Amino acid sequence: MENAKPKYDTIAKIPASEFELYHGSTIKEREMIAAPSLTFLQDSWRRLRKNKAAVVCMAILLVIIVISIISIFFSPHNPTKQNVAYMNLPPRIPGIDINGLNGKAMVGGQLVDKYAAANVPDNLNYYFGTDGLGRDVLSRLLMGTRVSLLIAFIAAMFDIIFGVTYGLISGLKGGTVDTLMQRILEILSGIPNLVVMILMLVVFEPGIPSIIAAMAITNWIPMARIVRAQTLKLKDQEFVLAAQTLGESNFKIAFKHILPNISSVIIVQMMFSIPTAIFFEAFLSFIGLGLTPPNASLGTMLSDGYKTFQYLPYLLWVPAITLSVIMIAFNLLADGLRDAFDPKMKE
C-alpha cells in the first residue's frame, strides 16, 4: 500500500487534457473473444478427442478393419491351403534373432531350426508360424478377423433395423400394443442364445448363416428396450406434442423428431453390441457350433490352439491376443462415445 500511494499521487497530478476519450465500440472485440458455435457432432468430436484411450482404440480398429479388407485381395498365403511338409513351424521374422521369432524351437530339450529341418527356402517366412496342417497362421488370422468383424457388423445392422424399429413402435403406440410387444420381448429374452443356435442348426448347416439367424432372433432385444425407454421419455416433450397438434403422422414424428434425439444412445449401444457379437461367434466356433473347417475364425483358431498350447503356444496366443485387442478397443471406444455424446454421464 505504501508503494501504491506515490503512484496514485503521480497519476492524479496528470491534467485531464492529457487523456482522450475512447469513442469506439467494444462489441466487435467481445464477439472476437467469444468461442465459435459448434454443432452437436462437432462438440461431441471435440470431447471425444480429449479421451486419448478412445482415440487410440478408434485408430487401432480402423487399422484392423482396413487390413482385414485389403487381405481379401492381398494375403501372404492361401489361408486354407495345406502343406504337411511345413506343419507346426514356429514364427520367423526376418532380421529378428530371438528364440521363438527366428524359426527355432525346443525339440527334445535342444534348440532346433525347424525351417532348416523342413527344407524351407530362405526367402519363405511365416511371420506367425504354421498350424498342424501347414497352413499359414497369419493368413488364417486375417481371414478369421474378417469373418468375426463381418458377423459383428451384421449384428449391429440387426440392432438398427429390428431393435430401433421395434422400440420406436412400442414406445410411440403405448397402451395395449406396448404391453403385448414387451411380453413378446420377455418370451424371446428368456430363450438362451445357445438353445437358439442349436435350433438353427436344424434348419441351416453350421456356418455364418446359422450364426446370423441366431443373432437375428435375440441379439437386438437390448437395443429395442433402450429405444423404447428413450421414446417414452421424449414422446411427452413439447416439440413432440406440437408435432402431433400440427397433424404429423407417427412415422414422421418417429424419424424426424424422436430418432435424431436418441441417435447418440443408439450409436453407443451399437458399439457395445459389436464386441458381444464377436465373442458370441468365437464361443460358438470354439465349441464346434460355428464355422466349419477349412474356414477360419478367431473361435476356430482358439479351438485348434488350446489343444497344443504346451508345445505350440503361439497357435493360441495369436488369436487370443487379437480377440482381446478387438473387444477391449470396441468397449473403450464405446465408453468414449458415451461420455462424448452425454458429458453428464461422468457425473
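Bear in mind that the values here come from a model prediction, so they are computed numbers and not experimental data. Residue positions are given per chain, counting from 1 as you read along its sequence in written order. Local features in this predicted model are restricted to residues of pLDDT 70 or higher, and side-chain atom pairs are both shown and tallied only at a pLDDT of 80 or more, whereas totals for entire chains, interfaces and linings draw on every residue. Side-chain numbers here rest on the full set of heavy atoms in the structure, without hydrogens or water.

So, about the packing of aromatic side chains. Where two aromatic rings form a pair, the distance of their centres and the angle of their planes describe that pair. Stacked, edge-to-face and tilted labels apply to pairs of Phe, Tyr and Trp rings (six-membered ring for Trp) whose centres lie within 6.5 Å, assigned for plane angles under 30 degrees, over 60, and everything in between, in that order. All chains considered together, the criterion is met by eight aromatic pairs. Arranged with centres 5.3 Å apart and planes meeting at 15°, the rings of F158 and F162 form a pair that is stacked. Taken together, the residues span about one helical turn, with F158 and F162 both in helix α6 (residues 137-173) at a distance of four residues. Here the aromatic residues F158, F162, Y166 and W220 are joined through ring pairs into a cluster of three or more. The helix count covers DSSP runs of H or I at least four residues long, the strand count covers runs of E at least two residues long, and both are numbered beginning at the N terminus.

Right, let's talk about the UniProt feature "domain: ABC transmembrane type-1" (unreviewed entry) in the protein for a bit. UniProt positions are given in the numbering used here, feature names are shortened, and annotations may be inferred rather than shown by experiment. Mapped onto the present numbering, the UniProt feature "domain: ABC transmembrane type-1" (unreviewed entry) falls on residues 145-334. Spanning residues 145-334, this segment combines 81% helix with 0% strand, and its end C-alpha atoms are found 20 Å apart.

Mapped onto the elements, L234 comes out in helix α10 (residues 221-234). Residue class for L234 comes out buried when judged on its relative accessible area of 13%. Those residues in contact with L234, other than ones at most four positions away along the chain, are F239, V240, I258, N261 and I262. Classification of residues uses two cut-offs on accessible area relative to the type maximum, computed with a 1.4 Å probe and protein chains only: under 20% is buried, over 50% is exposed, and between them is partly exposed. Only heavy atoms matter for contacts: two residues are in contact if any of them lie within 4.5 Å across the pair.

As a further point, take the nonpolar core. If you look at the biggest cluster of nonpolar residues, it comprises 62 residues, and the most contacted ones within it are I258, I278 and F330. No other element matches the 14 residues that helix α15 (residues 314-341) contributes to this core. If near-sequence neighbours (up to four positions away) are discounted, I278 is found in contact with S148, L149, A152, L323, I326 and F330. In this description, a nonpolar core means a group of buried Ala, Val, Leu, Ile, Met, Phe, Trp, Tyr and Cys residues linked to one another through side-chain atoms lying within 4.5 Å.

As for its placement among the helices and strands, P90 is situated in the loop between α4 (52-70) and β1 (104-107). The exposure class of P90 is buried, given its relative accessible area of 5%. The spatial distance from the C-alpha of P90 to the C-alpha of P76 is 16 Å, given a sequence separation of 14 residues. Beyond its immediate chain neighbours, meaning those up to four positions away, P90 contacts G103, K104, A105, K114, Y115, Y126, G129 and Y314.

Strand pairing follows a simple DSSP-based rule, namely that at least 2 bridges must link the two strands. Across four bridges, the pairing between β1 and strand β2 (residues 110-113) is antiparallel. Within β2, the position partnered with A105 by the bridge is V112. Where β1 folds back on β2, the antiparallel hairpin that results is connected by two residues, among which G108 adopts a positive phi of roughly 60°.

Following the UniProt record, the feature "transmembrane region" (unreviewed entry) maps to residues 53-74, 147-172, 184-204, 210-227, 265-291 and 311-334 here. The span residues 265-291 shows a helical share of 81% and a strand share of 0%, and its end C-alpha atoms are spaced 32 Å apart. Structurally, residues 311-334 comprises 88% helix and 0% strand, and the distance from its first C-alpha atom to its last is 37 Å.

We now examine the pattern of salt bridges. Salt bridge, as applied in this entry: a Lys or Arg side-chain nitrogen positioned within 4 Å of an Asp or Glu carboxyl oxygen. By the definition in use, this model includes six salt bridges. Close ionic contact of D178 with R228 constitutes a salt bridge, the shortest N to O distance being 2.7 Å. Here R228 lies in helix α10 and D178 lies in helix α7 (residues 175-189), a separation of 50 residues in the sequence. Looking at D178, the relative accessible area reads 9%, which means it is buried.

Turning our attention to the packing of α6 against helix α9 (residues 208-218). Interaxial distance between α6 and α9 falls to 10 Å at its minimum, and their mutual angle equals 30°. With respect to α9, the element α6 is oriented roughly parallel. Here α6 and α9 pass one another in a crossing that is right-handed. Together, V147, I151, I154, A155, F158 and F162 of α6 and I208, I211, I212, M215 and A216 of α9 make up the contact between the two elements. Split into classes, the residues belonging to the contact of α6 with α9 amount to 11 nonpolar, no polar and no charged. To obtain each axis, a line is fitted to C-alpha atoms, and for helices this fit is confined to the stretch in contact; angles are then taken between N-to-C directions over 0 to 180 degrees. Roughly parallel covers angles under 35 degrees, roughly antiparallel covers those over 145, roughly perpendicular covers 65 to 115, and oblique covers all other angles. Helix crossings are classified by the rotation of the near helix relative to the far one: an anticlockwise turn of less than a right angle makes the crossing left-handed, while a clockwise turn makes it right-handed. Note that Gly is not counted as nonpolar here; it falls among the polar residues with everything else outside the nonpolar set of Ala, Val, Leu, Ile, Met, Phe, Trp, Tyr, Cys and Pro and the charged set of Asp, Glu, Lys and Arg.

On to the environment of G207. Among the structural elements, G207 can be located in the loop between α8 (193-203) and α9. On the basis of relative accessibility, which here comes to 9%, the residue G207 falls in the buried class. Contact partners of G207, with chain neighbours within four places excluded, come to G290 and L291.

Summarising the element assignment, K235 is placed in the loop between α10 and α11 (238-245). Note on charges: Lys and Arg go in the positive column, Asp and Glu in the negative column, and His and the chain ends are not counted at all. At 5.7 Å, D236 is the nearest oppositely charged side chain to K235, a buried residue that forms no salt bridge. Each polar contact in these results corresponds to two N or O atoms within 3.5 Å; when the atoms are within protein, one needs to be able to donate a hydrogen and the other to accept it, and residues that are neighboring in sequence are counted only if both atoms are side-chain atoms. At 3.4 Å, the side chain of K235 forms a polar contact with the backbone oxygen of L172. Excluding residues that lie within four positions of it along the chain, K235 makes contacts with G171, L172, G174, V240 and L241.

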